[in-house]
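Coordinate analysis (summary)
The primary structure of each chain is shown beneath.
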Amino acid sequence: MIIVTSGHVDHGKTALLKALTGTHTAHLPEEKKRGMTIDLGYAYLPLGEGKETLGFIDVPGHEKFLSNMLAGLGGVHYAMLIVAADEGIAAQTKEHLAILRQLQFHEIMVVITKADRTNSDQIDTLIHQIKQNYPFLSQAKYFITSAETGQGIAQLRDYLQQLPKWADTPKPFRYAIDRVFSVKGAGTVVTGTAFTGVVKVEEELFLSRGQKVRVKAIHAQNTPSKQGIAGQRLALNLNVDLDRIAIKRGDWLLQNAPLFPTDRISVQIWAQTSLNESQPVHIYHAANRTTGKLTLLQNKNAAPNDRTLAEIILDSPLFLAFGDKLILRSGDAKTLVAGARVLEIHSPKRHKRTQGRLNFLTNLTLAENATQRIALRLQHGAASANQLMWEEQISEAQLDEALAQQGAMRYQDWCFNGDYQTEKIQQILTALSTYHEQHNDQLGVSKARLYRMAALNQPENLIYHVIDEMLENGKLQQTRGWLHLPEHKIRFTEQEQGQWQAVLTEFEKANGQAIWVRDMANALGFEESTMRNFMYKAGKLGYLTPIIKDRFFLTETIYAYARLIKQIAEKGGKVSVNEVRDRLNFGRKLTVQLMEYFDRTGFLRRKGNDHILRDKNVFDL
């Protein structure tokens, strides 16, 4: 567990930590060896054999170190505000107080230092002033201490030792890197704070840029360890050649492969100052800092202390997850303007102020756990499993459990609820019914075409899965590869059976060529209109296929030509009219008509002079 100490420069933070732990944070051996400028000082208090070690961050007091302060706060749940008894609340104390408040720690303790330099009446007055001016500290624990005399040190140490743990260990490991250096004989070492999860020696992790690295050794809270857990300050020795794989401050180490960072997020903000509808801001997150634009979603203005919904468009994308805390400063980076909590990553670009959107974001702020938030997301459509696991920072098993608790389902990478499935089934049935009404000369459509007709903007493989389930349970039927409603059936009469044999004989004579309705009527001595009706009925049954109006192939011949085209396109995934014409020995006009028919069915897609193989399964028997 780590506790942040914050307050004005020279108010005794470093002396207090030395009294608590015996370590002078301004002179850590690691810093001496490397000759580094100190960003943050760390001190540690072992609680005894078999117990954990408390870690303390000594945050520099100057404004320019804000990003360094935030770098150490991942997974940190407690803070101590340091106020010197003889000086009271100073300018930097006020800013640190505002930042601590915006970061919403589980508990902020107020430690009055240098008690030996004043009297008890002045200290009582100071405590009264703090409670009066900062109501959120009215119920805080107050400790009166002196590093010189030892006053209050033991009581503070005892209280810190009994603080409950809030470490989020069940989640996948997530660790923000704030320093990178090389150690002779060990190699690359990174330091940072674990946001969530557990890491062990010899475990493989992902860098946020995607490369895999192996953990060779771990120092947790300044002590060699076989594992590190959320909320601890960790130094990790990695098997990384920095000349080959660059690692920098602001990178992440992750248990799961990272998704793309985001540059557009929805947040709940807690305004520190008055805000307009839109303004430039500096965004601080872990060891990262970038700029962007803050846009209010519910109102045109926000007053100090207002909680409201907003969107942030980032100039540089960040690796963010639900619940991550951000600090927002003004465009000139001089003023704290708000704290923010991430509600949604990759937020939509349009319709962001509709009542439905605002209700969704409001409900996210009220949801108590990942299961409830996932249920909210699935109310708006299918969601990627990988996206959900990243947003919530949960494992695959935890996602499956959350889906099971709400009766939701998963197919491959897509998660969806029963309402979504019911809606898509109805859309598919409606699309097919409309198609049958408008194209009564066709038996049905291909799977790819049905997808485009009924659910074009939905995940293709998920809609194919819904179609397959509809086929299994009899809601759809498939004849010669064409999908249709079960009731969409046509049969030949006995007289038509004989007529069909005569028509079939003519097609056999044609040796794979198409036949016009007029030519078939003349060959068999029928009225042209009678033959037209019969041949289109044969088309509905799947025996014949019109590639244009009144020009038919045997359907089995169409399938044979489709197989030939697949063979031609096997290498490059495309085929030209000339290639098909030469293989079939057709005239160009008939070949073009055939290829355009394949385009319409979704089997092919024209691109310039080529026809791309779009759905190779359309003409599979």
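Residues numbered from 1 in each chain as written. Predicted model: local features only at pLDDT ≥ 70, side-chain atom pairs only at ≥ 80, totals over all residues. Heavy atoms only, no water.

**Digging into the overall build of the protein**
Counting its secondary structure elements, the protein contains 19 helices and 34 strands. For the protein, the spread of C-alpha atoms along the principal axes amounts to about 120 × 55 × 45 Å. Looking at the 621 residues of the protein, the share that counts as buried comes to 53%. On the protein, roughly 28800 Å² of surface is accessible, and the fraction owed to carbon and sulfur atoms is 46%. The protein carries 75 positive and 66 negative side-chain charges, and their two centres are separated by 3 Å. (Helix = DSSP H or I, 4+ residues; strand = E, 2+ residues; numbered from the N terminus. Buried < 20%, exposed > 50% of the residue type's maximum accessible area, 1.4 Å probe, protein only. Areas by Shrake-Rupley, 256 points an atom, 1.4 Å probe, with all protein chains shown as cover. Lys, Arg positive; Asp, Glu negative; His and termini not counted. Charge placed at Lys NZ, Arg CZ, Asp CG, Glu CD.)

**Things to note about the sheet that holds strand β32 (residues 574-576)**
The strand order across the open sheet built from three strands is β32-β34-β33, with neighbouring strands paired in antiparallel fashion. Of all strands in the sheet, those with a lone pairing partner are β32 and β33 (604-607), marking the two edges. Pairs of neighbouring strands in the sheet enclose a mean axial angle of 35°, with direction left out of account. By the bridge criterion, four bridges tie β33 to strand β34 (residues 610-613) in an arrangement that is antiparallel. Looking at the pairing, L604 lines up with L613 of β34. Set on the sheet, helix α19 (residues 588-601) makes contact with β32, β33 and β34; between it and β33 the angle comes to about 110°. (Pairing = 2+ DSSP bridges. Axes fitted to C-alpha atoms, helices over the stretch in contact; angles between N-to-C directions. Contact = heavy atoms within 4.5 Å.)

**Concerning the packing of helix α18 (residues 577-584) against α19**
The interhelical angle for the contact between α18 and α19, taken along N-to-C directions, is 115°, at an axis separation of 9 Å. Considering the relative orientation of α18 and α19, their crossing is right-handed. Residues V577, N578, V580, R581 and L584 of α18 form the contact with α19, whose participating residues are R588, T591, V592, L594 and M595. Considered class by class, the residues forming the contact of α18 with α19 number six nonpolar, two polar and two charged. (Left-handed = near helix turned anticlockwise from the far one by under 90°. Nonpolar A, V, L, I, M, F, W, Y, C, P; charged D, E, K, R; others polar.)

**A short note on the packing of aromatic side chains**
Throughout the structure, instances matching the rule amount to 22 aromatic pairs. Arranged with centres 5.0 Å apart and planes meeting at 75°, the rings of F195 and W252 form a pair that is edge-to-face. Separated by 57 residues along the polypeptide, F195 in strand β8 (residues 187-196) and W252 in strand β15 (residues 252-254) bring together distant segments of the chain. Here F195 matches W252 in class, with each residue buried. Residues Y559 and F619 carry aromatic rings whose centres are separated by 5.2 Å and whose planes lie at 85° to one another, so their mutual orientation is edge-to-face. Here Y559, found in helix α17 (residues 555-568), pairs with F619, found in the segment after β34; they are 60 residues apart in sequence, far enough to count as distant. What links up through ring pairs into an aromatic cluster is the set W482, Y559, Y597, F598, F603 and F619. It is R174 that lies over the ring of W252; its NZ or CZ is 4.5 Å from the centre. Above the face of the W270 ring, R307 is positioned so that its terminal group lies 4.2 Å from the ring centre. (Phe/Tyr/Trp six-rings, centres within 6.5 Å; stacked < 30°, edge-to-face > 60°. Lys NZ or Arg CZ within 6 Å of the ring centre and 35° of its normal.)

**Quick look at the confidence of the model for the protein**
This prediction gives the protein a mean pLDDT of 88; 92% of its residues lie at or above 70. In this model, residues 27-39 is a region of pLDDT below 50 whose contacts with residues beyond four sequence positions or in other chains number 19 contacts. (pLDDT = per-residue confidence, 0-100.)

**Remarks on unusual backbone geometry**
In most cases, non-glycine residues show a negative phi, while peptide bonds are predominantly trans. With a phi close to 55°, K114 is a non-glycine residue in the positive phi region. By the element assignment, K114 lies in the loop between β5 (107-113) and α5 (120-133).

**A look at the sheet that holds strand β31 (residues 551-554)**
If you walk across this open sheet you meet the three strands as β29-β31-β30, and the pairing is antiparallel. Because the sheet does not close on itself, it has two edges, and the strands there are β29 (515-516) and β30 (544-548). Against the sheet, helix α14 (residues 494-510) makes contact with β29, β30 and β31, and its axis sits at roughly 85° relative to β31, the strand it touches most.

**Points about the pairing of strand β4 (residues 78-84)**
Among the seven residues in β4, seven count as buried, and that is most of the element. A two-sided burial pattern is seen for β4, the buried positions comprising Y78, M80, I82 and A84 on one face and A79, L81 and V83 on the other. Here five bridges tie strand β1 (residues 2-7) to β4, and the two strands are oriented parallel to one another. Across the sheet, the residue bridging to S6 is L81, located in β4. Where β4 and β5 come together, seven bridges link them in parallel fashion. The partner of Y78 across the bridge, within β5, is E107. At this point the chain moves from β4, through helix α4 (residues 91-103), to the parallel β5, and the crossover so formed is right-handed. (Right-handed = clockwise from strand over helix to strand, strands pointing away.)

**Focus: the side chain of T295**
The topology assignment puts T295 in strand β19 (residues 288-296). By relative accessible area, which is 7% here, T295 ends up buried. Not counting residues up to four positions away in its chain, the partners in contact with T295 are E277, S278, A310, E311 and R353.

**Quick word on α4**
Here α4 contains 13 residues, and its C-alpha end-to-end distance of 19 Å stays within 8% of the 18 Å for a straight helix at 1.5 Å per residue. For α4, the buried fraction is high: eleven of the 13 residues fall into the buried class. Those residues of α4 that fall on the buried side of the exposure criterion are Q92, T93, E95, H96, L97, A98, I99, L100, R101, Q102 and L103. Phi turns positive, to about 50°, at Q104, one or two residues after α4. (Expected span 1.5 Å × (residues − 1).)

**What about the side chain of T188?**
Its location among the elements puts T188 in strand β8. Not counting residues up to four positions away in its chain, the partners in contact with T188 are V180, F181, L236, N237, L238, V240 and L242.

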